[in-house]
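# Descriptive structure summary
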Amino acid sequence: MIGQVTPDYRERLLARVDLVEIVGQRVQLRKSGKEYQARCPFHNEKTPSFTVSAEKQFYHCFGCGAHGNAIDFLLEHDRLSFPEAIEELARQAGMELPDAGIAMEKGPDPSPLYAVLEQAADLYRRQFREHPQAGEAIAYLKRRGLSGEIARRFGLGYAPAGWNFLRSHLRTQPDHPNDDATLVDAGLLTDRDGKRYDRFRHRLMFPIRDRRGRVVGFGGRVLDNGEPKYLNSPETAVFHKGRELYGLYEAQQAERAPPRVLVVEGYMDVIALAQFGIPYAVATLGTATTTDHVKRLLRVAPELVFCFDGDRAGRAAAWKALKTALPLATGERPVRFLFLPDGEDPDSLIRKEGCAAFEARLSHAALLSDVLFQHLTGPLDLNTAEGRAALDAQARALLDDMPAGTFRALLEARLVELVGFDASAQPRTTPAREQASPPASRTRADAQGRPRRRRHMPAQAGQPVATTPLRRAIAMLLHDPALAPRARELPADWQEIDNPGIALLRELLDMIAADPEITPAALRARWDGTEQEKIIARLSDSALIDHIPADGRAAEFVGALARLNTDAAQERRQRALRAQRPAS
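Sequence order as written defines residue numbering, which begins from 1 separately in each chain. In keeping with the predicted nature of the model, local features appear solely for residues at pLDDT of at least 70, side-chain atom pairs appear and are counted solely at 80 or more, and the whole-chain, interface and lining totals rest on all residues. Hydrogens are left out, water is left out, and the side-chain values use all remaining heavy atoms of the structure.

## With respect to the overall build of the chain
Numbering goes from the N terminus for both helices and strands, where a helix is a DSSP run of H or I of at least four residues and a strand is a run of E of at least two. Scanning the chain for helices and strands turns up 24 helices and 16 strands. The 584 residues of the chain split such that 45% are buried. Considering only residue pairs separated by 6 or more positions, the chain has 67% of its internal contacts joining residues 24 or more positions apart. Split by element, the accessible area of the chain, about 30,700 Å² in all, is 49% carbon and sulfur. Categorising residues by exposure relies on relative accessible area from a 1.4 Å probe, with only protein chains included: less than 20% of the type maximum marks a residue as buried, more than 50% marks it as exposed, and the intermediate range marks it as partly exposed. Contacts: residue pairs with any heavy atoms within 4.5 Å of one another. The protein chains shown are the only cover counted for residues, whose accessible areas, like all others here, come from Shrake-Rupley with a 1.4 Å probe.

## Some points on the pattern of salt bridges
By definition here, a salt bridge exists when the distance from a side-chain nitrogen of Lys or Arg to a carboxyl oxygen of Asp or Glu is within 4 Å. All chains considered together, the criterion is met by 30 salt bridges. Between Arg361 and Glu353 there is a salt bridge, with the nearest N and O atoms lying 2.7 Å from each other. For Glu353, a relative accessible area of 29% translates into the label partly exposed. One salt bridge connects Arg472 with Glu556, and the closest N-O pair in it is separated by 3.2 Å. Highlighted residues: Arg472 in helix α20 (residues 469-479) and Glu556 in helix α24 (residues 553-580), separated in sequence by 84 residues. Its relative accessible area of 7% is what places Arg472 among the buried residues. The exposure class assigned to Glu556 is partly exposed, which follows from its relative accessible area of 24%.

## Some points on the nonpolar core
What we call a nonpolar core is a set of buried Ala, Val, Leu, Ile, Met, Phe, Trp, Tyr and Cys residues that are connected through their side-chain atoms within 4.5 Å. Ranked by internal contacts, the top residues of the largest apolar core, which has 63 residues, are Tyr124, Leu141, Leu188, Phe218, Tyr246, Leu262 and Phe358. For this core, the two domains that each supply at least three residues are domain 2 (107-239) and domain 3 (260-365). In terms of nonpolar packing, the next biggest core, distinct from the first, is built from 38 residues, Met476, Ala484, Trp527 and Ile545 among them. Throughout the structure description, domain borders are defined by an automatic or database domain assignment.

## Regarding the sheet that holds strand β10 (residues 215-222)
If DSSP finds at least two bridges between two strands, the strands pair. Spatially, β6-β9-β10-β11 is the arrangement adopted by the 4 strands of the open sheet, whose pairing is antiparallel. Unpaired on one side and paired on the other, β6 (157-159) and β11 (230-232) mark the two borders of the sheet. For this sheet the average axis-to-axis angle between neighbouring strands, irrespective of direction, equals 35°. An axis is simply a line fitted to the C-alpha atoms; with a helix, the fit covers only the stretch in contact. Between two such axes, the angle follows the N-to-C directions and lies from 0 to 180 degrees. Strands in contact with helix α5 (residues 111-130) are β6, β9 (203-209) and β10; relative to β10, the strand with the most contacts, it is inclined by about 35°. Sitting on the sheet, helix α11 (residues 267-275) touches β9, β10 and β11, and the angle it makes with β9 is about 80°.

## Quick look at the UniProt feature "zinc finger region: CHC2-type" (unreviewed entry) in the chain
Feature annotation in UniProt places "zinc finger region: CHC2-type" (unreviewed entry) on residues 40-64, given in this structure's numbering. Along residues 40-64 the backbone is 0% helical and 32% strand, and the end-to-end C-alpha distance reaches 8 Å. UniProt positions are given in the numbering used here, feature names are shortened, and annotations may be inferred rather than shown by experiment.

## Examining the environment of Glu235
Inspection of the secondary structure puts Glu235 in the loop between β11 and α10 (248-254). In sequence terms Glu235 and Gly217 are 18 residues apart; their C-alpha atoms lie 8.7 Å from each other. Ignoring any residue separated from it by four or fewer positions in sequence, one finds Glu235 in contact with His240, Lys241 and Gly242. There is a polar contact of 2.7 Å between the side chain of Glu235 and the backbone nitrogen of Lys241. Identification of polar contacts relies on pairs of N or O atoms within 3.5 Å, with a donor-acceptor requirement for protein atoms, meaning one able to donate a hydrogen and the other able to accept it, and with residues adjacent in sequence counted only if both atoms are side-chain atoms.

## Structural notes on the pairing of strand β15 (residues 335-340)
Most of β15 is tucked away: 6 of the 6 residues are buried. Residues Val335, Phe337 and Phe339 line one face of β15 and the alternating positions Arg336, Leu338 and Leu340 line the opposite face, and both faces are buried. When the strands point away from the viewer, a crossover counts as right-handed if the route from the first strand across the helix to the second turns clockwise. Regarding the hand of the β-α-β motif, the stretch spanning strand β14 (residues 304-309), helix α13 (residues 312-325) and β15 is right-handed. Bridge count between β15 and strand β16 (residues 366-367): 2 bridges; the pairing is antiparallel. In the strand pairing of β16, Phe337 is matched with Ala366.

## Quick notes on the packing of helix α17 (residues 385-399) against helix α18 (residues 406-419)
The interhelical angle for the contact between α17 and α18, taken along N-to-C directions, is 170°, at an axis separation of 10 Å. What the angle tells us is that α17 and α18 run roughly antiparallel. Contact residues: Arg388, Leu391, Asp392, Ala395, Arg396 and Leu399 in α17; Arg408, Leu411, Glu412, Leu415, Val416, Leu418 and Val419 in α18. Its residues assigned to classes, the contact of α17 with α18 comprises 8 nonpolar, no polar and 5 charged. Oblique is the label for every angle not falling under 35 degrees (roughly parallel), over 145 degrees (roughly antiparallel), or within 65 to 115 degrees (roughly perpendicular). The nonpolar class holds Ala, Val, Leu, Ile, Met, Phe, Trp, Tyr, Cys and Pro. Asp, Glu, Lys and Arg form the charged class, and all remaining residues, Gly among them, are polar.

## Quick word on the packing of α11 against helix α14 (residues 346-353)
Contact geometry for α11 and α14: axes closest at 8 Å, N-to-C directions at 20°. When the axis of α11 is compared with that of α14, the two are roughly parallel. Here α11 runs over α14; the crossing is left-handed. Within the contact between the two elements, α11 uses Asp269, Ala272 and Leu273 and α14 uses Pro346, Asp347, Ile350 and Arg351. In terms of residue class, the contact of α11 with α14 is made up of 4 nonpolar, no polar and 3 charged. By the definition used in this description, the sense in which the near helix is turned from the far one sets the handedness, with an anticlockwise turn below a right angle giving left-handed and a clockwise turn giving right-handed.

## Some details on the confidence of the model for the chain
Within a predicted model, pLDDT stands for the predictor's per-residue confidence, ranging from 0 to 100. Averaged over all residues, the pLDDT of the chain is 85; the fraction at 70 or higher stands at 89%. With pLDDT under 50 throughout, residues 428-466 is counted as low confidence; its partners more than four residues away or in other chains account for 19 contacts.

## A closer look at the packing of aromatic side chains
The aromatic pairing rule takes the rings of Phe, Tyr and Trp, using the six-membered ring of Trp, and pairs them if the centres are within 6.5 Å, calling planes under 30 degrees apart stacked, those over 60 edge-to-face and the rest tilted. The tally for this structure, following the rule as stated, stands at 15 aromatic pairs. Centre to centre, the rings of Phe42 and Phe50 are 6.2 Å apart; their planes meet at 65°, and the pair counts as edge-to-face. On the numbers, 5.5 Å between centres and 80° between planes, the contact of Tyr59 with Phe73 is edge-to-face. Here Tyr59 is found in strand β4 (residues 58-61), whereas its partner Phe73 is found in helix α3 (residues 70-77), with 14 residues between them in sequence. Side by side, Tyr59 and Phe73 carry an identical accessibility label, which is buried. Through a chain of ring-to-ring contacts, the aromatic side chains of Phe154, Phe206, Tyr230, Tyr246 and Tyr267 assemble into a single cluster. Sitting over the face of the ring of Tyr36, Lys31 holds its NZ or CZ atom 5.8 Å from the ring centroid. Here, over-ring charges are defined by two tests on the NZ atom of lysine or the CZ atom of arginine: distance to the ring centre within 6 Å, and angle to the ring normal within 35 degrees.

Here you go:
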């Protein structure tokens, strides 16, 4: 239960979310000038009269009068309660919820930081055009083949050399004078040994914008032999490297519904790709890809592609990104990995091949599922039991973190095919010394010398009962006939298996298809008085599926069928081998 939502918390939450993104996830928006338009989701209309203002973070319908902010929209459109709306927005913004019974301290007002960062971005842009030393920055961009138009689109600027240029200019702003403490808090000044001076000096400046287009930090590329080559703003109250992505705001401005989003290594790759026709590239900010990054990117586009060098370091980085993405992967929005040829980066490759060829590479980039098993099987010898056992252990540790669903079940089925059998479905055996129970004549005595009888311990409720995939599939259908349509998600190869239970499973599915509203009791009653009545009664025992969470049963059902398909494939291979053997 969340605690009291104070006005201060509410304002800080609204400052961290983007209404355009929230509405755009639910309504088809079209950019019109500075605002976005759509047909109103709150009443029927043919001509769009619903507008969303990115600047004001406010929506309004001129037809029915609906209006409000992000909280109001979730209350009205998603029919959420106020606490549910707050929870949803806090999740998207990465903010902690107020705890029940604990008064939240009033947070700092971030508006002075946004203001001074915008002033700094404007000052850097002016210096790019006017400062005598800015020619080095312009020459660098020309050497990289970038145009003035693309520099303007991304708001590039120049930070002059010297220790106090920015400090002296921003402290004397006529309308908004800034003290040193604000400049330090914004990450624009560095404080060392009691002295304060400009953090960015003689650098090409890249403003970093949040989802609402506000400048929250900077990246700077040195123009001489100084170090480091790239310098980012430090973490501040408004800049969190694990959540922000360079170029994402610009990408969404260029194309509200991109076909995919491409994650590259650096600022220059993002800008060069945009110039050559790939406006949907973004870059992390000196950190590895985080869970927050992946969550946000999977909401932005129907496909996510990571781009890495093809060398050992690039593949190691790709593996880290894969492990971050795996707990969020459902297969509904594919995650791919593009490995670049030796010596190439995205900038050089798109110049050499052109936009169409580069996009073709993206379309055929390796899928997460393929990269996963290629990485795991690469160093292993699957011709040995040790290799297959190692694969099973390593893969299951990763697959267990995935969300339940068809995609996870399919990966588990692929693992079963590689290993040769389903280790997770095997009943756990008890060591022989524990299986042997002493005869009554050898029972141990208690302290008074009386024989102590061994108690029979019943199986604990909720503990898994060992079953085969076939029995598990039948048991789940008997308890929840609504699972039956999920069988259509997979091939029906399992029907080829030579097992009497296959006919029962097939008959169950046919009965449910003929009567989709059938209840579990009515389904079981169909076998009353038949030869299968006792089998149906045994498989209707709830102990067979009590250990499976209710929200995971659909995935378990699909997984059982996938394992049956693997068994069918193995049977086909065995029949083919037997057919090839010469008759004795």
